[in-house]
Amino acid sequence: MKQTLYLVIPCYNEEEVLQETAKRLLEKISFMMEKDQITRESKIMFVNDGSKDKTWNIIEELHSKNNIFSGVNLSRNKGHQNALVAGLMTAKDYADMTISLDADLQDDIEVIDKFVEEYYNGSDIVYGVRSSRKTDSFFKKTTALAFYKLMNGLGVDVMYNHADYRLMSKRALEGLSEFKEVNLFLRGIVPLIGYKYSVVEYERHERFAGESKYPLSKMLAFAWDGITSFSIKPIRIITGLGFFIFAVSFVALIYSVVVNLRGNTVTGWTSLTVSIWMIGGIQLLSLGVIGEYVGKIYNETKKRPRYIIADKLIEQVKKDN
Ligand code: UDP
Ligand code: MG
């Protein structure tokens, strides 16, 4: 039986690309409807992430002309990940499956059929994985690789060369909604949901208009969030360092005593050296242990809302679970 698909597209200052994106997605989705791959209730849902330009006006206009276009308007800019979750959590009440993609259509939309096929074959999550990074700059390529390596080294399970182009079934989305953390790093969380998954490869294109909304500063913040909300290893490293220095302090202790017994030291040197090492070691060790607890508390306490929805443009009744 065919099912309902929602495309979820976070948009931040995308007035330059939105019309064209809407046109291309409409073609694609109409084609899939005609082929009976998806129901006619399927939608293209834009999430306006507090854009400062005409993005929301364009979404409203698209919706008024054709209600296959729906919209969610966030109260302010909350960043790509939160905008995406806002869209997915809204779509989950109406759709059987969602596909998230960027407004600039850098992710090849021709593989949407393959995603849906995999879904019908029983996958709850389908990851879009880039087959090459030809269009990325050398800088972006190397930093992306370094980031994946680092994440894996820190024990976070992420899919290599997968961004946020993925299909999720309704029950995978329900699983996602159970993750209440504020520091959201979807690429790390989605594998934790479980269920059967599959991978579809695609080529990534250049942005066809406008500029990247991910400057270096946002990219770094994103990477840092990814690490600190998934791993307390950095804190463990401090603890380890503490242990190490504490151990070294014993060597320093023996050395200082030996030098002292041989009588070639100034008065007070021995006690000073030993205390510097010992106290330094103990301090670092304690800091690490405290940090471990602070890290735990930090992960649990911040129960702030991830986004606030200001307006919704969807003309469809919610599905029962
Ligand atoms: N985006 C967003 N909020 C932000 C920044 C970006 O919703 O604060 C959206 C943006 O509109 C686009 C997607 O996230 O649909 C990816 O952004 P972009 O294409 O600029 O990133 P890049 O492809 O350069 O990594
Ligand atoms: Mg892009």
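Residues numbered from 1 in each chain as written. Chains lettered and ligands numbered in written order. Predicted model: local features only at pLDDT ≥ 70, side-chain atom pairs only at ≥ 80, totals over all residues. Heavy atoms only, no water.

Identification of the protein chain as Putative glycosyltransferase YkoT from Clostridium vincentii is taken from an unreviewed UniProt entry.

A.B. asks: Explain the packing of aromatic side chains to me, please; I cannot follow it from the model alone.
C.D. replies: How two aromatic rings sit relative to each other is given by the distance of their centres and the angle of their planes. Counted under the stated rule, the structure contains ten aromatic pairs. Ring geometry for tyrosine 165 against tyrosine 202: centres 5.0 Å apart, planes inclined by 90°, an arrangement best described as edge-to-face. Of this pair, tyrosine 165 sits in strand E6 (residues 162–169) while tyrosine 202 sits in strand E7 (residues 197–202), and the two are 37 residues apart along the sequence. For the residue pair tyrosine 165 and tyrosine 202, the accessibility class agrees, reading buried in each case. (Phe/Tyr/Trp six-rings, centres within 6.5 Å; stacked < 30°, edge-to-face > 60°. Helix = DSSP H or I, 4+ residues; strand = E, 2+ residues; numbered from the N terminus. Buried < 20%, exposed > 50% of the residue type's maximum accessible area, 1.4 Å probe, protein only.)

A.B. asks: Help me understand the coordination of the magnesium ion (ligand 2) in this model?
C.D. replies: When a metal holds four donors in a tetrahedron, each ideal angle between them is 109.5 degrees; when it holds six in an octahedron, the ideal angles are 90 or 180 degrees. Around the magnesium ion (ligand 2), the protein supplies Asp104 (OD) and Gln106 (OE1) as donor atoms, at distances of 1.9 Å. Aspartate 104 gets classed as buried once you look at its relative accessible area, which sits at 3%. (Donors = N, O, S within 2.8 Å, 3.2 Å for Na, K, Ca; no water.)

A.B. asks: Sorry if this is basic, but what is going on with the site of ligand 1 here?
C.D. replies: Around ligand 1, 19 residues are found, and the nearest of them are Glu14, Asp49, Asp104, Ser212 and Lys213. Within the contact set of ligand 1, an oxygen atom lies 2.6 Å away from a side-chain nitrogen or oxygen of glutamate 14. At a separation of 2.7 Å, an oxygen atom of ligand 1 approaches a polar side-chain atom of glutamine 106. Considering ligand 1 on its own, with 530 Å² of exposed area, one finds that the protein chains cover 95% of that surface. In terms of residue class, the shell around ligand 1 is made up of five nonpolar, five polar and nine charged. (Near = heavy atom within 4 Å. Polar contact = N/O pair within 3.5 Å; in protein donor to acceptor, adjacent residues only side chain to side chain. Areas by Shrake-Rupley, 256 points an atom, 1.4 Å probe, with all protein chains shown as cover. Nonpolar A, V, L, I, M, F, W, Y, C, P; charged D, E, K, R; others polar.)

A.B. asks: Got a minute to help me understand helix H2 (residues 55–65) in this structure?
C.D. replies: Residues spaced three or four apart along an α-helix face the same direction, because each turn holds 3.6 residues. When we look at burial in H2, the residues that qualify are Thr55, Trp56, Ile58, Ile59, Leu62 and His63. All buried residues of H2 fall inside an arc of 160° around its axis, so they share one side. Turned more than 90 degrees from where H2 packs its buried face, Ser64 and Lys65 sit exposed. Considering only its buried residues, H2 is in contact with strand E1 (5–11), helix H1 (15–34), strand E2 (43–48), strand E3 (69–74) and strand E8 (309–313). (Arc of directions from axis to C-beta. Contact = heavy atoms within 4.5 Å.)

A.B. asks: Explanation requested: the side chain of serine 177 in the structure shown.
C.D. replies: Position of serine 177 relative to the elements: it lies in helix H6 (residues 170–177). Not counting residues up to four positions away in its chain, the partners in contact with serine 177 are Met89 and Lys92.

A.B. asks: Is there a simple way to think about the sheet that holds E6 in this case?
C.D. replies: Within a sheet, each strand pairs with its neighbour through backbone hydrogen bonds, oriented either parallel or antiparallel. A sheet is described by the order of its strands in space; here eight strands give the open sequence E7-E5-E6-E4-E1-E2-E3-E8, paired in mixed fashion. Edge positions in the sheet fall to E7 and E8, since each of these pairs with one other strand and no more. With direction set aside, neighbouring strand axes in the sheet form an average angle of 20°. Of the pairings in the sheet, the one linking strand E5 (residues 125–130) to E6 comprises four bridges and is antiparallel in character. Bridging from a neighbouring strand, valine 129 pairs with histidine 162 of E6. Sheet contacts for helix H3 (residues 80–91): E1, E2, E3, strand E4 (97–100), E6 and E8; angle to E1, the most-contacted strand, approximately 155°. (Pairing = 2+ DSSP bridges. Axes fitted to C-alpha atoms, helices over the stretch in contact; angles between N-to-C directions.)

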